[in-house]
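# A structural walkthrough
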Amino acid sequence: MLRPEVLSIVKQSVPILAEKGEAITKRFYSILFERFPDLKNVFNLSNQHSGNQARALADAIFAYAKLAETPELLGPMVSRIAHKHVSLNIQPEHYPMVGEALLLALSEKLELPMEHEIIQAWGEAYGVLADIFINHEEGLYAGNADKTGGWRDYRRFVIDNIVEETPLIKSFYLRPADDEGLALFKPGQYIGVKLDVPGHDYKEIRQYSLSDKPGLAHYRISIKAEPGNPKGLISNHLHEQANINDELLISAPCGDFTLPNTPERNTVLISGGVGITPLMSMLKNYLQQQHTHDITWVHCAQDDTNHCFLDETKTLQQQHNFKAYSAYLDSSKGDHQGYLDQKVLDSFLPDTEADYYFCGPVPFMM
């Protein structure tokens, strides 16, 4: 817990952080990489160029400042970020580096000396938050390592098969290179893929959802190529260059967007585009359990050609008799043509008492 006087200073600084937060975090990343260039092997540099990482850090700082008095309310944010950190193999020794860069950025953008009480208070507050993350992440690392077939940090996997699901999405079937078994995961979780890309100065890590059910001899990730501007560096590399028997470094499964094995009521899955991947894992795991509740799936895509796992879903429907609906933007071959709205959802989901799981591109979810 923060000392009362430190807590008071942190909370009083919220308005100025709201005003200058993004500028502070952008400067933070430039200082961090100037002082500790090896961290470019950890952070997603594409998100640096887009500004996404700076905005995410600013949001986390604001949330911490607002909730520092009631740290128990930080739980969901801490869990989400800690899982991401574990997929990136963030270690305790990284936190002092980050803290140093953050305080320097605060000092510069707030035009305050490092000795000022606001900078000092944030230094103490950061130390408390860092300890929260370090402890939470160690629990995740240890839990992953203790599982049967589990591991810590990264493990070598071999691409066992590659399947073209749509013109833009390929599934990669991965098995451990050591053939020492494979840990169970929670449906909805993701893995980190660490790659050296020829001609690129730093290693890159990307997270991809596991798209098959737990308990198999393989992990499956289904990746969409990103041919736009900017192009997807890792996604496109895997689409264009990866071959069967290639090796990849993989982190243990992480993520807290998961479906419980014993839902307490009906479940509705709503996906858009490649957001289908974690929900397919949820669906397949759900269907192999014995439930008294129903599951319904609504998937949105450009058209049936771009509907990932369409044939797989139809086969599952024949086997398990659950409801699945499709909404296509440019085709009348689905159950609805056009965007989803309340009227369409009401026709698909007459009983709205359910747990909803929603995944897709940001515009789709807004």
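As shown above, the structure is provided for reference.
A brief look at the structure comes next. (Residues numbered from 1 in each chain as written. Predicted model: local features only at pLDDT ≥ 70, side-chain atom pairs only at ≥ 80, totals over all residues. Heavy atoms only, no water.)

## Some points on the environment of Leu112
Along the polypeptide, Leu112 turns up in the loop between helix H6 (94–110) and helix H7 (117–146). Non-local contacts of Leu112, meaning those with residues more than four positions away in its chain, are made with Ser107, Ile118 and Ile119. (Helix = DSSP H or I, 4+ residues; strand = E, 2+ residues; numbered from the N terminus. Contact = heavy atoms within 4.5 Å.)

## A closer look at the nonpolar core
Within the largest apolar cluster, 54 residues are counted, with the highest numbers of intra-cluster contacts made by Phe28, Leu32, Tyr64, Leu106 and Trp122. Elements supplying a minimum of two residues to this core: helix H1 (4–12), helix H2 (14–35), helix H4 (52–67), helix H5 (75–87), H6 and H7. The element that contributes the greatest number of residues to this core is H7, accounting for ten residues. (Core = buried A, V, L, I, M, F, W, Y, C linked by side-chain atoms within 4.5 Å. Buried < 20%, exposed > 50% of the residue type's maximum accessible area, 1.4 Å probe, protein only.)

## Describing the pairing of strand E8 (residues 295–301)
For E8, the buried fraction is high: seven of the seven residues fall into the buried class. Here E8 shows two buried faces, one formed by Ile295, Trp297, His299 and Ala301 and the other by Thr296, Val298 and Cys300. Sheet topology places strand E7 (residues 267–272) next to E8; six bridges connect them, and they run parallel. Bridge assignment links Thr267 to a residue of E8, and that residue is Ile295. What joins E7 to E8 is helix H9 (residues 276–287), and the crossover it makes is right-handed. Looking at chain direction, E8 and strand E9 (residues 323–328) are connected through six bridges and run parallel. Looking at the pairing, Val298 lines up with Tyr325 of E9. For the handedness criterion, the β-α-β arrangement of E8, helix H10 (residues 310–320) and E9 is classed as right-handed. (Pairing = 2+ DSSP bridges. Right-handed = clockwise from strand over helix to strand, strands pointing away.)

## Points about the state of the cysteines
Taken as a whole, this structure holds zero disulfides when the rule is applied. No disulfide involves Cys359; its sulfur sits 12 Å from the nearest other cysteine sulfur, which is in Cys300. (Disulfide = S-S within 2.5 Å.)

## As for the layout of surface pockets
When its volume is computed, the second largest pocket comes out at roughly 370 Å³. Taken together, 20 residues line the second largest pocket, and the ones lying closest to its centre are His293, Asp294, Ile295, Thr296 and Lys323. For the lining of the second largest pocket, the secondary-structure elements that each account for two or more residues are E7, H9 and E8. Classifying every residue of the lining of the second largest pocket gives nine nonpolar, eight polar and three charged. (1 Å grid on protein atoms, 1.4 Å probe; cavity = no way out; pocket = protein on both sides within 12 Å on 5 of 7 lines; lining within 4 Å. Points joined across faces, edges and corners; volume = space filled by probe spheres on them. Nonpolar A, V, L, I, M, F, W, Y, C, P; charged D, E, K, R; others polar.)

## Observations regarding H5
In this model, H5 (13 residues) spans 18 Å end to end at C-alpha, consistent with the 18 Å of a helix rising 1.5 Å per residue. Those residues of H5 lying buried are Met77, Val78, Ser79, Ile81, Ala82, His83, His85, Val86 and Ser87. Backbone geometry just after H5 places Asn89 at a positive phi near 60 degrees. (Expected span 1.5 Å × (residues − 1).)

## A closer look at the sheet that holds strand E4 (residues 204–209)
Strand order in the open sheet made by the six strands is E4-E3-E6-E1-E2-E5, with antiparallel pairing throughout. Looking along the sheet, the strands with just one partner apiece sit at the ends: E4 and strand E5 (219–224). Geometrically, the sheet is characterised by an average inter-axis angle of 40 degrees between neighbouring strands, direction not taken into account. Contacting strand E2 (169–176), strand E3 (190–195), E4, E5 and strand E6 (247–251), helix H8 (residues 233–241) crosses the sheet at an angle of about 75 degrees to E4. (Axes fitted to C-alpha atoms, helices over the stretch in contact; angles between N-to-C directions.)

## Section: empty space enclosed by the protein
One pass over the structure, following the stated rule, counts one cavity of 30 Å³ or more. Listed by contribution, the elements that provide at least two residues to the lining of the largest cavity are H2, H4 and H6. A breakdown of the residues in the lining of the largest cavity according to their chemical character gives six nonpolar, two polar and no charged.

## Observations regarding the side chain of Ser87
Examined against the element boundaries, Ser87 turns out to sit in helix H5. Ser87 sits in the buried class, given a relative accessible area of 0%. If sequence neighbours within four positions are ignored, Ser87 has contacts with Tyr154, Tyr190, Gly192, Ile205, Gln207, Ser251 and Cys254.

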